[in-house]
Amino acid sequence: MFLSKEAGHYDSYLEIQKKVAADYRDRVLFVSINTDDEDHGRILEFFGMKKDEVPAARVIRLAEEMAKYKPTTDVLGGDGSEMKTFVDEFLAGNLKQHLLGQELPEDWDKNPVKVLVASNFDEVVFHPEKNVLVEFYAPWCGHCKQLAPIYDKLAEKFIDDNTVVIAKIDSTVNELEHTKINSFPTIKLYKKGDNKVIEYSGERTLEGLSRFLETDGEYGQSAPNEAEEEDEDDDKPKDEL
């Protein structure tokens, strides 16, 4: 529960929600976040929320995928019945996962490296006649920053090849139901035709990435399960909860 003490939300909602929480002990952990605390800004960011959305509630499944769920009604107010319905639906598996997504920039395809967001990902990446290389990155990731100028040069190198698309997506604010990213940067090739996905685990150099594309994903591809055992120096998504 995202609440503001300064706005009086704790006085308005907390006692009722404590009673609701008691009914779900050992099944669901109820947590209140004081959004007045600047240190909690990263938690709001993780949920794709802004302060003007407070008071609000979210449910997260603390597993590998960290799936988030957003209520469609005001579950904090009233007598607690709306929250109970929301939690019951979550436990029953009836809720649709809430996925973060940015607005599509008007100039997303202006530069050699195309910008993907959740809404245009499938249309661009699963093109039947194009090999699409995608970098899944995080703005705070040091390895991603080091890769950026190399990735730009790669896109410039293949700019005249109409069968190749070089693209990137900020995975901290764009979530995909069919693709979960566990470290940054992650680079995947989506092959034309069958849309087979090949993850790259070679050196992050212009030569290495070029060979990956030129060999149709043969050079530098991840061995089975290797992606999960990648370089320990890769930046991992942070669990701020």
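The structure under discussion appears in the preceding block.
Residues numbered from 1 in each chain as written. Predicted model: local features only at pLDDT ≥ 70, side-chain atom pairs only at ≥ 80, totals over all residues. Heavy atoms only, no water.

So what exactly am I meant to see when it comes to the overall build of the chain here?
Helices and strands together make up the secondary structure of the chain, namely six helices and nine strands. Along the first, second and third principal axes, the C-alpha atoms of the chain reach 60 × 35 × 35 Å. Taking all 241 residues of the chain together, the buried fraction comes to 41%. Within the chain, residue pairs in contact and separated by at least 24 positions form 64% of the contacts whose partners lie at least 6 positions apart. Of the roughly 13700 Å² of accessible surface on the chain, 45% is carried by carbon and sulfur atoms. (Helix = DSSP H or I, 4+ residues; strand = E, 2+ residues; numbered from the N terminus. Buried < 20%, exposed > 50% of the residue type's maximum accessible area, 1.4 Å probe, protein only. Contact = heavy atoms within 4.5 Å. Areas by Shrake-Rupley, 256 points an atom, 1.4 Å probe, with all protein chains shown as cover.)

Explain the pairing of strand E6 (residues 131-137) to me, please; I cannot follow it from the model alone.
Regular strands have side chains that alternate between both faces of the sheet. E6 sits mainly inside the fold: six of its seven residues count as buried. In this region the chain leaves E6, passes through helix H5 (residues 142-157) and returns to the parallel neighbour strand E7 (residues 164-170); the handedness of that crossover is right-handed. Here five bridges tie E6 to strand E8 (residues 186-190), and the two strands are oriented antiparallel to one another. Bridging from a neighbouring strand, Leu-133 pairs with Leu-189 of E8. (Right-handed = clockwise from strand over helix to strand, strands pointing away. Pairing = 2+ DSSP bridges.)

Would you take a moment to explain the sheet that holds E7 for this structure?
Strand pairing within a sheet occurs via backbone hydrogen bonds; the two strands may be parallel or antiparallel. One open sheet holds the five strands; their spatial order is E5-E7-E6-E8-E9, and the pairing between them is mixed. For this open sheet the edge positions go to strand E5 (113-116) and strand E9 (197-199), each flanked by a neighbour on one side alone. Pairwise comparison of adjacent strand axes, ignoring direction, gives a mean angle of 30° for this sheet. Along the sheet, H5 makes contact with E5, E6, E7 and E8, crossing E6 at roughly 160°. (Axes fitted to C-alpha atoms, helices over the stretch in contact; angles between N-to-C directions.)

Can you help me understand the nonpolar core in this one?
Where a protein is soluble and globular, its nonpolar side chains tend to be buried together. Counting 18 residues, the largest nonpolar core has Met-1, Leu-3, Leu-76 and Met-83 as its most contacted members. If you list the elements that add at least two residues to this core, you get helix H1 (9-22), strand E4 (67-69) and helix H3 (81-91). Among residues more than four places away in sequence, those in contact with Met-83 are Met-1, Gln-17, Val-20, Phe-30, Ala-57, Val-75 and Leu-76. Phe-121, Ala-167, Ile-169 and Leu-176 belong to the second-largest nonpolar core, a separate cluster that totals 17 residues. (Core = buried A, V, L, I, M, F, W, Y, C linked by side-chain atoms within 4.5 Å.)

What exactly am I supposed to notice about the packing of H5 against helix H6 (residues 206-214) here?
Each pair of packed helices gets described by two things: the angle between the helix axes and the distance between those axes. Where H5 contacts H6, the axes come no closer than 9 Å and their chain directions differ by 45°. It follows that H5 is oblique to H6 by the angle criterion. Here the hand of the crossing between H5 and H6 comes out right-handed. Facing H5, whose interface residues are Leu-147, Ile-150, Lys-153, Leu-154 and Lys-157, H6 presents Leu-206, Leu-209, Ser-210, Leu-213 and Glu-214. Across the contact of H5 with H6, the residue classes tally to six nonpolar, one polar and three charged. (Parallel < 35°, antiparallel > 145°, perpendicular 65-115°, else oblique. Left-handed = near helix turned anticlockwise from the far one by under 90°. Nonpolar A, V, L, I, M, F, W, Y, C, P; charged D, E, K, R; others polar.)

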